[in-house]
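# Reading the structure
So you can see what is in the structure, the chains are spelled out below.
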Amino acid sequence: MERQLAAPRWAPDGQSIVFIGGMMSDEGSTGGDVFQVPATGGDARNLTPGLKSSASNITWPRNSRQFYFTQHSDGGSSVSELDPTTGQIERLWQGDESINPPFDDTGISMTADGKSSAVIRHSWQKPPEI
């Protein structure tokens, strides 16, 4: 793969790893597509081809088939759920705020069952808040 790699996360079953690959996934400024590669090695599969935003962080709750990723979207941020088995992506939230603090890799934090989340969000008009 001829891209930089960021935010690698193990699948809960230990069979694969998802990560963000992009042309400029520099630490603290991650962006790109989400890929999945078998834990035993092999070719990475792009799970977000044609996505009109740039993935910035990934979290995979340990009791979930799906994982969640944050994105830089239309000048703001968004959160989506992705099922790697079907390729189905569902946008869950979008706003004008940033949800990744500058130069921090925190993204979104999910409960083990994936039903609740927490983020730090901020904008030019509002300071960071949980």
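Residues numbered from 1 in each chain as written. Predicted model: local features only at pLDDT ≥ 70, side-chain atom pairs only at ≥ 80, totals over all residues. Heavy atoms only, no water.

### A word on the layout of surface pockets
- Estimates place the volume of the second largest pocket at around 180 Å³.
- As for the second largest pocket, its lining consists of Tyr68, Val79, Leu92, Trp93, Ile99, Ile108, Met110, Ser117, Ala118, Val119 and Arg121.
- Broken down by secondary-structure element, the contributors of at least two residues to the lining of the second largest pocket are strand 8 (89–95), strand 9 (108–110) and strand 10 (117–119).
- The leading source of residues in the lining of the second largest pocket is strand 10, at three residues.
- The class makeup of the residues in the lining of the second largest pocket is nine nonpolar, one polar and one charged. (1 Å grid on protein atoms, 1.4 Å probe; cavity = no way out; pocket = protein on both sides within 12 Å on 5 of 7 lines; lining within 4 Å. Points joined across faces, edges and corners; volume = space filled by probe spheres on them. Helix = DSSP H or I, 4+ residues; strand = E, 2+ residues; numbered from the N terminus. Nonpolar A, V, L, I, M, F, W, Y, C, P; charged D, E, K, R; others polar.)

### Considerations on the sheet that holds strand 3 (residues 33–38)
- With respect to topology, four strands assemble into an open sheet ordered 1-2-3-4, the strand pairing being antiparallel. Each edge of the open sheet is held by one strand with a lone partner, namely strand 1 (4–10) and strand 4 (45–46).
- Judged from the six bridges that link them, strand 2 (residues 16–22) and strand 3 form a sheet pairing that is antiparallel. Note that in strand 3 the partner of phenylalanine 19 across the bridge is phenylalanine 35. (Pairing = 2+ DSSP bridges.)

### Notes on the environment of proline 128
- Relative to the assigned elements, proline 128 resides in the segment after strand 10.
- Placed 46 residues apart in sequence, proline 128 and leucine 82 show a C-alpha to C-alpha distance of 27 Å.
- Those residues in contact with proline 128 that sit more than four places away from it in its chain are Ile120, Arg121 and His122. (Contact = heavy atoms within 4.5 Å.)

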